[in-house]
Amino acid sequence: MVTPESKAAVDFCYEGDPDLLPVSEARRRIVAHVPVITDTESVALKDALGRVTAEDVVSSVDVPGHTNSAMDGYAVRGADLPQAGTRQLKVVGAVLAGDRFEGTVDEGTAVRIMTGAPLPEGADTVIMQEQVEIEGERVIVGAGHRQGQNVRLAGEDLRRGDVALRKGTRIMPAELGLLASFGRDRVHVLRRPRVACFSTGDELRSPGHARKFGAVFDSNRYTLFGMLARIGAEVIDLGIVADNRQALNRVVKEAAERADAIITSGGVSAGDADYVKETLEALGRVAFWKIAIRPGRPLAFGIIGEAAFFGLPGNPVAVMVTFYQFVKPALCQMMGERDPRPTPELTATCVSKLRKKKGRVEYYRAVLERDDRGKLIVRSTGKTGSGLLHTMRDANCFIVLDDDAKSVEPGTEVKVQPFFGLV
Ligand code: AMP
Ligand code: MG
């Protein structure tokens, strides 16, 4: 692993309010501290989806390998195309995709050709079959064609020696296909990050067990599993840890030895049973532990040994907000992604009234949709309690109100982060 900035050069102490850190500064600190994985492995192409390339991947061949036809039609010589009127060409053979035409297209002749078939020698142009008339063994070609039309040149997609994928590219469906297109069946990728997860709280029970009075089923570990799986992390499930200094200490130590990142939820605020921050302080270094955000104000970030530590809040919605806003970008950096895809962001007209406090970033759960005229509108899901996980089920986006934004009246344009993406 390599750390982006020398640890010695990093100032862990925030100059302003020591407790409440602006979101932008929290992001900067994460970028400055999160280490990048350098271990690599070779994987089969069919297992490569979501992985990040460990080297520039170079095409060993031209794609396409041969100049070929983009249409079903007739391969002709450009010099035979009539400037005006028509011209008759004698059809001397046919070629299908995967075949080779052994002869040449001489002056005054044409070869019947199918899409993808290699262009016969002598020909440099294809005329669509719909644009000719057939008379026995001849085709009649009119004016208006262009030399070179309907032809795909060898190497037009990729040339032999071209860098098809740069180091640090996340392999998505197009990248998988591109690798296959020049015949690669394995690819060198960076090791997946090992992320240790546990929930803290004496009240927590795992699903599948009986729920006693006052107990809460541990949902955070499951939303976290889902979010981590989606970005391609390997999860080390450390279960539920009681609100107890010794237990926390022991589990965090173990996690720091086994994992590249540790994610906990709960126990990070200033309650009587909140020991996460002091555990981080005891075992590593705290970069921040409170940010000017809602929901998600208590969020501890630091480094323990070589592992990045994220102490997320306990409330289930706050876990998801802070994961998407801070942990996900950090893990993308850790995974070696060179140009992480930017968080999708668009503007829509808000039809709800939203209260906003200055000096913090607020994330509202909301539904983005089109009105009758096709205009994008967004409305709050209503209740804003950060324990109400059903609001995340109902939402398909966040409305983001930045530090300096004021309360929103219906009809105002707002910034929206959609949950969904095309690819
Ligand atoms: P805490 O920050 O530990 O005080 O937790 C804040 C709230 O989130 C409390 O109501 C907890 O019961 C709840 N909570 C904490 N962890 C979880 C979890 N893993 N699953 C569901 N709710 C949780
Ligand atoms: Mg707790």
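Note that the structure is predicted; figures quoted are calculated from it, not measured.

## Describing the confidence of the model for the protein
Regions with low pLDDT should not have their predicted coordinates read in detail. Overall, the predicted model of the protein reaches an average pLDDT of 94, with 96% of residues at or above 70. This stretch, residues 6–16, has a pLDDT under 50; its non-local contacts, to residues over four places away or in other chains, come to 15 contacts.

## A short note on the sheet that holds strand 20 (residues 298–304)
Spatial ordering of the open sheet is given by 16-13-17-21-20-18, a layout of 6 strands whose pairing is mixed. Two strands lie at the open edges of the sheet, namely strand 16 (234–241) and strand 18 (285–290), each paired on one side alone. Here the average twist between neighbouring strands, direction ignored, is 15°. The strands that helix 3 (residues 220–231) touches are strand 13 (194–200), strand 16, strand 17 (261–265) and strand 21 (307–312); relative to strand 13, the one it contacts most, it runs at about 165°. Strand contacts of helix 6 (residues 316–334): strand 13, strand 17, strand 20 and strand 21, with the helix running at about 170° to strand 21, the strand carrying the most contacts.

## Notes on the sheet that holds strand 4 (residues 73–76)
Reading across the sheet, the 6 strands line up as 7-4-6-5-9-8 and stay open at both edges, with mixed pairing between neighbours. In this open sheet, the two strands that pair with only one neighbour each are strand 7 (125–128) and strand 8 (132–135). Pairs of neighbouring strands in the sheet enclose a mean axial angle of 40°, with direction left out of account.

## So, the site of ligand 1
The local shell around ligand 1 holds 15 residues, among which Glu 203, Asp 218, Ser 219, Asn 220 and Gly 267 are the closest. Note that an oxygen atom of ligand 1 is positioned 3.4 Å from one of the backbone N or O atoms of Asn 315. Look at ligand 1: alone it shows 480 Å² of surface, and the protein chains cover 76% of it. Looking at the shell around ligand 1 residue by residue, the class counts come to 4 nonpolar, 9 polar and 2 charged.

## Section: the environment of Thr 109
Topologically, Thr 109 is positioned in strand 6 (residues 109–113). With a relative accessible area of 11%, Thr 109 lands in the buried category. Residues Thr 109 and His 188, 79 residues apart in the sequence, show an inter-C-alpha distance of 49 Å. Every residue in contact with Thr 109, bar those within four places of it in the chain, is listed here: Ala 75, Val 76, Asp 80, Leu 89, Lys 90 and Val 92. One polar contact links the side chain of Thr 109 to the main-chain carbonyl oxygen of Asp 106, over a distance of 2.7 Å.

## Observations regarding the packing of helix 4 (residues 245–258) against helix 5 (residues 276–283)
The description of two packed helices rests on the angle between their axes and on the distance between the axes. Packing of helix 4 against helix 5 brings their axes to within 10 Å, and their N-to-C directions diverge by 55°. By the criterion of interaxial angle, the relationship of helix 4 to helix 5 is oblique. Of the two elements, helix 4 crosses helix 5, and the hand of that crossing is right-handed. Of the residues in helix 5, those in contact with Arg 245, Leu 248, Asn 249, Val 252 and Lys 253 of helix 4 are Val 276, Glu 278, Thr 279 and Leu 283. Of the residues in the contact of helix 4 with helix 5, the class split is 4 nonpolar, 2 polar and 3 charged.

Rules used throughout
- Residues numbered from 1 in each chain as written.
- Chains lettered and ligands numbered in written order.
- Predicted model: local features only at pLDDT ≥ 70, side-chain atom pairs only at ≥ 80, totals over all residues.
- Heavy atoms only, no water.
- pLDDT = per-residue confidence, 0-100.
- Contact = heavy atoms within 4.5 Å.
- Pairing = 2+ DSSP bridges.
- Helix = DSSP H or I, 4+ residues; strand = E, 2+ residues; numbered from the N terminus.
- Axes fitted to C-alpha atoms, helices over the stretch in contact; angles between N-to-C directions.
- Near = heavy atom within 4 Å.
- Polar contact = N/O pair within 3.5 Å; in protein donor to acceptor, adjacent residues only side chain to side chain.
- Areas by Shrake-Rupley, 256 points an atom, 1.4 Å probe, with all protein chains shown as cover.
- Nonpolar A, V, L, I, M, F, W, Y, C, P; charged D, E, K, R; others polar.
- Buried < 20%, exposed > 50% of the residue type's maximum accessible area, 1.4 Å probe, protein only.
- Parallel < 35°, antiparallel > 145°, perpendicular 65-115°, else oblique.
- Left-handed = near helix turned anticlockwise from the far one by under 90°.

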